[in-house]
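# Observations on the three-dimensional arrangement
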Amino acid sequence: MSLNQGSRTKKSVPRPVQGGGFFVPERTIMSGNDIRRALVRIAHEAVETLGGCSDMVMVGIHTRGVPLARRIAAVIKGFEDVEIPVGALEIGPHRDDLSSNQSLPVIRPNDIPTDITGKNVVLVDDVLFTGRSTRAAMDALVEFGRPQRILLAVLIDRGHRELPIKANFVGKNIPSYRYERIQLRLKEIDGVDEVVILNTVKSGEPQIGHA
């Protein structure tokens, strides 16, 4: 990266973390405007794919999938003048990716505002990674009815799938290392809209190419 003459750059110094390795300071990969544009695109793609929105239901996966679902529904309201029902889904009891030494997840209430039987349900999540959260979400969802169709919308697809799951609508594909953490922050929860990568590099871990 070129620097203007006389400008200064502050070098980030990795610091040790518990368990070995170093923590490299975060870097922003999506701004608030980037997030807004991605959600507008997802809203239009969802309506086009379903040929309208008369039988559409948005269901956000706790935690940050819920405000994302509400934002997408608000965008659709703006150009279709239709109120899309928006629900909130807790997947904790259905997860299979928690090890025995991990603390149990916080269980939040489900809020499915309408009968989803025969409806086109758009599941909304923040980051698609291994696919295990999506599998848990589908297991949780069918306890409330039998949708005509389930589609998946995610703000970020970072790869590294462990199950044969693919999103129908993606805000941005971000290749990543498995040891990186990709974190979405939203004004409704965190006071700011942005996506950052937090990079914990383990000692001796090979720095191989992106997945």
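The structure this text deals with has already been given above.
To start, this report covers the structure provided alongside it. None of the values given here were measured: they were computed from a predicted structure.

## A look at the sheet that holds strand 6 (residues 149–157)
Taken together, the five strands give an open sheet; going across it, the order is 4-3-5-6-7, and neighbouring strands pair in parallel fashion. This sheet does not close on itself; its edge strands, each paired only once, are strand 4 (86–89) and strand 7 (169–173). With direction set aside, neighbouring strand axes in the sheet form an average angle of 25 degrees. Relative to strand 6, strand 5 (residues 120–128) runs parallel, the two sharing eight bridges. Looking at strand 6, one finds that Val121 is bridged to Ile150.

## Some thoughts on the nonpolar core
One finds Met56, Met58, Ile76, Leu155 and Val195 to be the most contacted residues of the largest nonpolar core, which totals 33 residues. No other element matches the eight residues that helix 1 (residues 32–50) contributes to this core. Other than its neighbours up to four places away in sequence, Met58 contacts Ala69, Ile72, Ala73, Ile76, Ile84, Pro85, Val86, Gly87, Val122 and Val124. Judged by nonpolar contacts, the second largest core, of 18 residues, contains Val59, Ile61, Leu89 and Ile116.

## Looking at the environment of Ile197
Within the element layout of this structure, Ile197 appears in strand 9 (residues 194–201). Taking the C-alpha atoms as reference points, Ile197 and Ile182, separated by 15 residues in sequence, lie 4.6 Å from one another. Setting aside its immediate chain neighbours within four residues, Ile197 contacts Glu26, Arg27, Ile29, Ile174, Glu180, Arg181 and Ile182.

## Details of the pattern of salt bridges
Any two side chains of opposite charge can pair, so long as their charged atoms come close to each other. With the rule as written, the count across this model stands at 13 salt bridges. Of the charged contacts in the structure, one is a salt bridge between Arg185 and Glu26, with a shortest N-O distance of 2.8 Å. Residue Arg185 is located in strand 8 (residues 180–185), and its partner Glu26 is located in strand 2 (residues 22–30); the two are separated by 159 residues in the primary sequence. The partly exposed category is assigned to Glu26, whose relative accessible area is 37%. Here Arg37 and Asp34 are joined by a salt bridge, their closest N and O atoms 2.7 Å apart. With Arg37 and Asp34 both in helix 1 and three residues apart, this pair spans about one turn of that helix. Here Arg37 falls in the partly exposed class, since its relative accessible area comes to 43%. With a relative accessible area of 28%, Asp34 lands in the partly exposed category.

## Observations regarding the environment of Asp55
Residue position: Asp55 is located in the loop between helix 1 and strand 3 (56–61). Given a relative accessible area of 37%, Asp55 falls into the partly exposed group. Between the C-alpha atom of Asp55 and that of Ile116, which follows or precedes it by 61 residues, the distance is 9.1 Å. Discounting chain neighbours no more than four positions away, the residues touching Asp55 are Lys119 and Asn120.

Here is what the cut-offs are and how they apply
Per chain, residues are indexed from 1 in the order of the written sequence. This being a predicted model, a pLDDT of at least 70 is required before a residue's local features are given, and a value of 80 or more before pairs of side-chain atoms are given or counted; all residues contribute to the totals for chains, interfaces and linings. Side-chain measures here rest on the full set of heavy atoms in the structure, leaving out hydrogens and waters. Two strands form a pair only when DSSP identifies at least two bridges running between them. Strands here mean DSSP runs of E at least two residues long; helices mean DSSP runs of H or I at least four residues long; both are numbered from the N terminus. Only the contacting stretch of a helix is used when fitting its axis, a line to C-alpha atoms as for every element, and angles between N-to-C directions run 0 to 180 degrees. Only buried residues count toward a nonpolar core. Its members are Ala, Val, Leu, Ile, Met, Phe, Trp, Tyr and Cys residues joined through side-chain atoms within 4.5 Å. Here's how the labels work: a residue is buried when its accessible area is under 20% of the maximum for its type, exposed when over 50%, partly exposed in between, all with a 1.4 Å probe on protein chains only. Residue contacts are counted whenever heavy atoms from the two residues lie within 4.5 Å of one another. Just to be clear on terms, a salt bridge is a Lys or Arg side-chain nitrogen sitting within 4 Å of an Asp or Glu carboxyl oxygen.

Worth remembering: the numbers are spatial, not functional.
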